[in-house]
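# Commentary on secondary and tertiary structure
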Amino acid sequence: MENDLPRSPVVHLIFTFKFFILFIVDAHLDLSMNALEWNRDLVKPVAEINAREAGLTDKPDRGKAVVSLPDLRKGNIGLVVATQIARYVALGNPLPGWHSPAQAWAQTQGQLAWYRAMEAAGEMVQITDSHSLERHLRLWMDDSSPQDRPVGYILSLEGADSLIDPGYLEKAWADGLRAVGPAHYGPGRYAQGTDATGFMGAAGRELLRQMERLNIILDATHLCDDSFWEALDHFNGHVWASHNNCRSLVNHNRQFGDDMIRALIDRGAVIGGALDAWMMVPGWVRGKSDPRGMNCNLDVLVDHLDHICQLAGNSLHIGIGSDLDGAFGREQCPYDLETIADLQSLPALLGRRGYSPADIDNIMHGNWLRFLRKAWS
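Just so it is clear, the model here is predicted, and its values are computed rather than measured.

A separate point is the packing of helix α10 (residues 258–266) against helix α12 (residues 298–312). Packing of α10 against α12 leaves a shortest axis separation of 10 Å and a crossing angle of 65 degrees. The hand of the α10/α12 crossing is right-handed. Mapping the contact onto sequence places Asp-258, Ile-261, Arg-262 and Ile-265 in α10 and His-307, Ile-308, Leu-311 and Ala-312 in α12. When the residues that make up the contact of α10 with α12 are grouped by side-chain class, the tally is 5 nonpolar, 1 polar and 2 charged.

Below, the structure written as structure tokens:
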């Protein structure tokens, strides 16, 4: 990082042009959830999706979506980590979710079917190994229009509750699953998540053993502190955190403390900065706070990214994991982001903080690609 490097106006203009065309990797998008549970046709531009939702009130973010496949292409966001997600909730758990692991598994299989339909339509392509990764990158780096290219996706499971037992990982891996976050919100079957406490236990440790055997990436996101440390102690494979911000800037157990960030850095992890406003600025009140009133803009994300860089002493452990349209929309994301294509604003913001072109390449795509190449070598 060259945080004190002065920029001349001419250099800044050159950088601005370069930034506009940067390839971006987004390490966390709930695309299938939006398609099936929010009933959004993601092959349409965001503007059309929102127009169709005008007047609907069943979700707090109706008419405020920011993510679609055309807008990913518009923003040159050619590779994403896309989720399956279905929580199991035991009797007495007030969180929304399925009443049996089998129901949760069925939900994830419906989500997989949607991804397959997008592949059949030429809208998306699944990335599962180094060969498919490099082939996809060559496609996106050529000179043809990005509007004609499929968006690449790496399949991730957010919360492992839907795995009826760890043996189900075999089938999931065969279907392309390459990353698993053992927990989501609350208590889980294999680990404890956000707003919960406690350890993973025997079932969780068996899950980790099977993940390591299959070379499935551990996504540390959402693990409560106890389960986080247990996971790192019992898993020797590749670890990332797809969408997490900094507890020292927003004091909540959803974020990572500095000791957790340092532990991830020591493991060679990459941490994706998230764009959910309540994770970005302190004092956010869901359903009441306003992004502009809370001064929540894209520059706040740079604060979180920069904090991790300062802990690491370099720019090698951060990236983008936006979580945009992860059950929230424009009412709860940076006010200077109209659609996900506006992630192209980030390089200029990083440049103004003194980050070099090499640093910015790392953050926008290079760190995720280096991680994947190593994990899949």
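Additional details are given in the paragraphs that follow.
This part covers unusual backbone geometry. The backbone phi angle of Asn-76 is positive, close to 60 degrees, even though this residue is not glycine. Structurally, Asn-76 is set in the loop between α4 (69–74) and β2 (77–84).

To continue, consider the environment of Asp-195. For Asp-195, the location among the structural elements is in the loop between β5 (177–181) and α8 (201–214). Given a relative accessible area of 53%, Asp-195 falls into the exposed group. Each C-alpha atom, one on Asp-195 and one on His-184, is 9.6 Å from the other, the two residues being 11 residues apart in sequence. Residues contacting Asp-195, with those up to four places away along its chain left out, are Tyr-185, His-252 and Asn-253. Here the side chain of Asp-195 touches His-252 through a polar contact of 3.5 Å, side chain to side chain.

The subject of this paragraph is the pattern of salt bridges. If the charged atoms of two oppositely charged side chains come close together, the side chains can form a pair. Overall, the coordinates contain 17 salt bridges when judged by the stated rule. Arg-149 serves as the salt-bridge partner of Asp-142, at 3.2 Å between the closest nitrogen and oxygen. With its nearest N and O atoms 2.6 Å apart, the salt bridge here joins Arg-353 to Asp-303. With Arg-353 in the loop between α13 (346–352) and α14 (357–375) and Asp-303 in helix α12, this pair connects stretches of sequence that are 50 residues apart.

Before going further, it helps to examine helix α9 (residues 225–234). Of the positions making up α9, those classed as buried are Ser-227, Phe-228, Glu-230, Ala-231 and Leu-232. Those residues of α9 hidden inside the fold are in contact with α8, β6 (217–219), β7 (239–240) and α10.

Attention now moves to the pairing of strand β4 (residues 151–158). Of all 8 residues that make up β4, 8 are buried, and the element is covered over most of its length. The pairing of β2 with β4 spans 6 bridges and is classified as parallel. Residue pairing in the sheet places Val-81 in a bridge with Ile-154 of β4. Bridge count for strand β3 (residues 124–126) against β4 is 3 bridges, and the pairing is parallel. Residue pairing across strands places Val-125 opposite Gly-152, the latter belonging to β4. Pairing analysis gives 4 bridges linking β4 to β5, with the strands arranged parallel. Note on β5: the bridge partner recorded for Glu-158 is Gly-181. Handedness of the β-α-β unit built from β4, helix α7 (residues 168–174) and β5 comes out right-handed.

Conventions and cut-offs
Residues numbered from 1 in each chain as written. Predicted model: local features only at pLDDT ≥ 70, side-chain atom pairs only at ≥ 80, totals over all residues. Heavy atoms only, no water. Axes fitted to C-alpha atoms, helices over the stretch in contact; angles between N-to-C directions. Helix = DSSP H or I, 4+ residues; strand = E, 2+ residues; numbered from the N terminus. Left-handed = near helix turned anticlockwise from the far one by under 90°. Contact = heavy atoms within 4.5 Å. Nonpolar A, V, L, I, M, F, W, Y, C, P; charged D, E, K, R; others polar. Buried < 20%, exposed > 50% of the residue type's maximum accessible area, 1.4 Å probe, protein only. Polar contact = N/O pair within 3.5 Å; in protein donor to acceptor, adjacent residues only side chain to side chain. Salt bridge = Lys/Arg side-chain N within 4 Å of Asp/Glu carboxyl O. Pairing = 2+ DSSP bridges. Right-handed = clockwise from strand over helix to strand, strands pointing away.

In short, geometric facts, not functional conclusions.
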